[in-house]
Amino acid sequence: MRLNKFLSLVVFITFFSVLYVYQQSEIIRLAYAGQKQHAVFQELLDKNSVLRYSIEKNSSLVNIGSSLSSRSDFQMPDKYQLVKLVPTSTGVTLSELSGSKQNLFARFFGLSRQAEAKTVNP
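Keep in mind the model is a prediction, meaning the values are calculated, not measured.

Novice: Whenever I open this one, the overall build of the protein confuses me. Can you help?
Specialist: If you tally the helices and strands in the protein, you get three helices and two strands. Mapped from its N terminus to its C terminus, the protein presents α and β elements in the order α-α-β-β-α. Among the 122 residues that make up the protein, the fraction classed as buried is 2%. Here the protein displays about 12200 Å² of accessible surface, and carbon together with sulfur accounts for 64% of that area.

Right, here's the structure in full:
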């Protein structure tokens, strides 16, 4: 009877020892997997920072100004000149509209396009 209890106790202790070792190995495996995911996350974060920097650099006013000044076809419009892009089958063409044209509503009610400031005397 004592041998039966002893063997049962040894099997019970061995089972829980193996279970404990398995649990500790799983903890270590999951820690390594977490470190690997953290390294991948840091790498993606670094790539994101580089891409944001290049976007900010390419969209800066200095870069835009240098790219516009290098193009010879860039032209600032006159004070009352409007430019409209008209899509065609071959691409896009420019259509210039005169700023002196007024629509029917503005002519009828006598609205002017220029804002005027008036002083208020109390």
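Novice: Is there a simple way to explain the packing of aromatic side chains in this structure?
Specialist: Two aromatic rings, taken as a pair, are described by how far apart their centres are and by the angle between their planes. With the rule as written, the count across this model stands at two aromatic pairs. An aromatic cluster of three or more residues is present, and its members are Phe12, Phe15 and Phe16.

Novice: How should a nonpolar patch on the surface be read in this particular structure?
Specialist: Taken together, Leu9, Phe12, Ile13, Phe15, Phe16, Leu19 and Tyr22 make up a surface patch of nonpolar side chains, about 750 Å² in accessible area. Structurally, the position occupied by tyrosine 22 is in helix α1 (residues 2-58).

Novice: Would you mind going over the pattern of salt bridges with me for this structure?
Specialist: Opposite charge on two side chains permits them to pair, given that their charged atoms come into close proximity. In the structure shown here, the tally under the stated rule is two salt bridges. Measuring nitrogen to oxygen at the nearest pair gives 2.8 Å for the salt bridge that ties glutamate 26 to arginine 29. Placement of the pair is glutamate 26 and arginine 29 together in helix α1, with a separation of three residues, close to one helical turn. Residue glutamate 26 is classed as partly exposed on the basis of its relative accessible area, which comes to 22%. Arginine 29 sits in the partly exposed class, given a relative accessible area of 48%. Its salt-bridge partner being glutamate 43, residue lysine 47 comes within 3.8 Å of it at the nearest N-O pair. Remark: glutamate 43 and lysine 47 occur in helix α1; sequence separation between them is four residues, near one turn of the helix. Look at glutamate 43 and you get partly exposed, because its relative accessible area is 45%.

Conventions used here
- Counting starts from 1 at the beginning of each chain's written sequence and moves along it residue by residue.
- In keeping with the model being predicted, local features are shown solely for residues with a pLDDT of at least 70 and side-chain atom pairs are shown and tallied solely at 80 or more, while totals for entire chains, interfaces and linings include all residues.
- Excluded from the side-chain calculation are hydrogens and water; included are all heavy atoms of the structure.
- To qualify as a helix, a DSSP run of H or I must reach at least 4 residues; to qualify as a strand, a run of E must reach at least 2; elements of each kind are numbered from the N terminus.
- Relative accessible area decides the class of each residue, using a 1.4 Å probe on protein chains only: under 20% of the type maximum gives buried, over 50% gives exposed, and in between gives partly exposed.
- Surface accessibility in these figures is a Shrake-Rupley result with a 1.4 Å probe; residues are shielded only by whichever protein chains are displayed.
- When the centres of two rings from Phe, Tyr and Trp lie within 6.5 Å, Trp using its six-membered ring, the rings pair. Their planes under 30 degrees apart give stacked, over 60 give edge-to-face, and anything left gives tilted.
- Exposure above 30% relative accessible area and no salt bridge define the residues that can form patches, which grow by joining like charges within 9 Å and nonpolar side chains of Val, Leu, Ile, Met, Phe, Trp and Tyr within 5 Å.
- A side-chain nitrogen of Lys or Arg and a carboxyl oxygen of Asp or Glu constitute a salt bridge if their distance falls within 4 Å.

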